[in-house]
Amino acid sequence: MKAEAPSQEVPKVSRNELIALLNEDLAREYQAIISYVVYSQVLKGAEFMNIAAELEKHAAEELSHALMISNQIDYLGGMPAVQPKPVRTSDKAREMLRFDLINEGETIRNYRVRVRQCEQLGEYAMAEHIREILMDEQDHQISLATALGEDVPVVKSTPPVADKKG
């Protein structure tokens, strides 16, 4: 008998709650567009030339994601959000890339939940759109981890506990 993967229980949401959650996702996409545009232009040094060019591509992909999420919000009868999540900047290239890597992890975690929430509501096509976005986000995570010379972080279903150091 085949062993089943442990189910990751996702609280059931209403259509209105899904709209609000998708608007949070949309605000993260706006954040990503802004950060990738800025970071791609201000990263300096030979070791970051390849990733700078890659970040320009990521910005365009994030815009595509924002359009897709906006379309889904409209389909559900909601109004797409207009404010991005805050964008962090730094004088240090590695810090900027780290900010992006952390943000991609959060985005991946949220989209994995969103897929299951869409399916619970019977919105299977919407879940497929989000799966497509999820593939891009995972590629972004790989690019960022590679640029930092690190293994790709494992994205757990719950966010990591915040570090209490000041």
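Everything here concerns the structure above.
Presented here is a report on the structure given in the accompanying data block. (Residues numbered from 1 in each chain as written. Predicted model: local features only at pLDDT ≥ 70, side-chain atom pairs only at ≥ 80, totals over all residues. Heavy atoms only, no water.)

1. Concerning the overall build of the protein chain
For the protein chain, the count of helices and strands is four helices and zero strands. In the protein chain, the order of α-helices and β-strands from amino to carboxyl end is α-α-α-α. A buried classification covers 41% of the 166 residues belonging to the protein chain. Restricting the contact set of the protein chain to residue pairs at least 6 apart, pairs at least 24 apart contribute 81%. (Helix = DSSP H or I, 4+ residues; strand = E, 2+ residues; numbered from the N terminus. Buried < 20%, exposed > 50% of the residue type's maximum accessible area, 1.4 Å probe, protein only. Contact = heavy atoms within 4.5 Å.)

2. Structural notes on the nonpolar core
Leu-18, Leu-22, Ile-69, Met-126 and Ile-130 are the most contacted members of the largest nonpolar core, which totals 21 residues. Looking at this core, the elements that each hand over two or more residues are α1 (15–42), α2 (49–75), α3 (93–120) and α4 (124–147). Not counting residues up to four positions away in its chain, the partners in contact with Leu-22 are Ile-69, Gln-72, Ile-73, Leu-76, Arg-114, Met-126 and Ile-130. Counting residues in each nonpolar core, the second largest holds 17 residues, with Leu-43, Phe-48, Met-96 and Phe-99 among its members. (Core = buried A, V, L, I, M, F, W, Y, C linked by side-chain atoms within 4.5 Å.)

3. Examining the pattern of salt bridges
Taken as a whole, this structure holds nine salt bridges when the rule is applied. Glu-106 serves as the salt-bridge partner of Arg-28, at 3.5 Å between the closest nitrogen and oxygen. Here Arg-28, found in helix α1, pairs with Glu-106, found in helix α3; they are 78 residues apart in sequence, far enough to count as distant. (Salt bridge = Lys/Arg side-chain N within 4 Å of Asp/Glu carboxyl O.)

4. A word on the side chain of Gln-117
Residue placement: Gln-117 occurs in helix α3. Among the residues examined, Gln-117 registers a relative accessible area of 5% and is labelled buried. Contacts of Gln-117, omitting those with residues within four sequence positions, involve Val-10, Pro-11, Val-13, Leu-18 and Leu-21.

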